[in-house]
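# Commentary on secondary and tertiary structure
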Amino acid sequence: MALNRNKNLKLYYSIKEVAQMMGVSESMLRYWEKEFPHLHPKTVSSTGVRQYVDKDIEQIRLIYNLVKVRGFKIAAARKYLKENREGVDRSNDVLDTLISLRDQLVDLKRHLDAAIV
């Protein structure tokens, strides 16, 4: 077995960690699990603790984008994901790129403002 040299790389995330990453409540994630059949994190049978992997987190990002950012109702988001999965992935990639660019521009503006003063 290979040693994991990247200490920031995790295989499993708790529901609390994922909720904090996404800025939603744990109960919202549980609700989404019920409403979106393709979202099913691993559950440790003896404790019932959910373990999210990167694939699950990506699914949550897609759902978050549709429901919270674009304003879809749950049923519409579920249908959209089912019928247009490739389009959702592409639009999510575009949104992530735009958010990253915005963050870079805000950082650049902050540096320029500090340099002027």
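Because the structure is predicted, anything quoted here is derived from the model rather than measured.

## A word on the packing of helix α3 (residues 54-69) against helix α4 (residues 74-83)
The interhelical angle for the contact between α3 and α4, taken along N-to-C directions, is 130°, at an axis separation of 9 Å. Judged by the inter-axis angle, α3 sits oblique to α4. Considering only the axes of α3 and α4, their crossing is right-handed. Each of Leu62, Ile63, Leu66 and Val67 in α3 lies in contact with α4, whose residues at this interface are Ile74, Ala77, Tyr80 and Leu81.

## Concerning the environment of Leu95
By the element assignment, Leu95 lies in helix α5 (residues 85-116). The exposure class of Leu95 is partly exposed, given its relative accessible area of 22%. As a C-alpha pair, Leu95 and Val69 span 26 residues in sequence and 9.8 Å in three-dimensional space. Beyond its immediate sequence surroundings of up to four residues, Leu95 is in contact with Asn65 and Val69.

## Things to note about the side chain of Glu33
Mapped onto the elements, Glu33 comes out in helix α2 (residues 26-35). Of the polar contacts made by the side chain of Glu33, one reaches the side chain of Tyr52; its length is 2.4 Å. The residues contacting Glu33, other than those within four sequence positions of it, are Leu39, Pro41, Arg50 and Tyr52.

## Here's the deal with the nonpolar core
Counting residues in each nonpolar core, the largest one holds 20 residues, and the members touching the most others are Val18, Leu29, Trp32, Phe36, Tyr52 and Ile60. By residue number, the principal contributor to this core is α3, which donates 6 residues.

Definitions and cut-offs
- Residues numbered from 1 in each chain as written.
- Predicted model: local features only at pLDDT ≥ 70, side-chain atom pairs only at ≥ 80, totals over all residues.
- Heavy atoms only, no water.
- Axes fitted to C-alpha atoms, helices over the stretch in contact; angles between N-to-C directions.
- Helix = DSSP H or I, 4+ residues; strand = E, 2+ residues; numbered from the N terminus.
- Parallel < 35°, antiparallel > 145°, perpendicular 65-115°, else oblique.
- Left-handed = near helix turned anticlockwise from the far one by under 90°.
- Contact = heavy atoms within 4.5 Å.
- Buried < 20%, exposed > 50% of the residue type's maximum accessible area, 1.4 Å probe, protein only.
- Polar contact = N/O pair within 3.5 Å; in protein donor to acceptor, adjacent residues only side chain to side chain.
- Core = buried A, V, L, I, M, F, W, Y, C linked by side-chain atoms within 4.5 Å.

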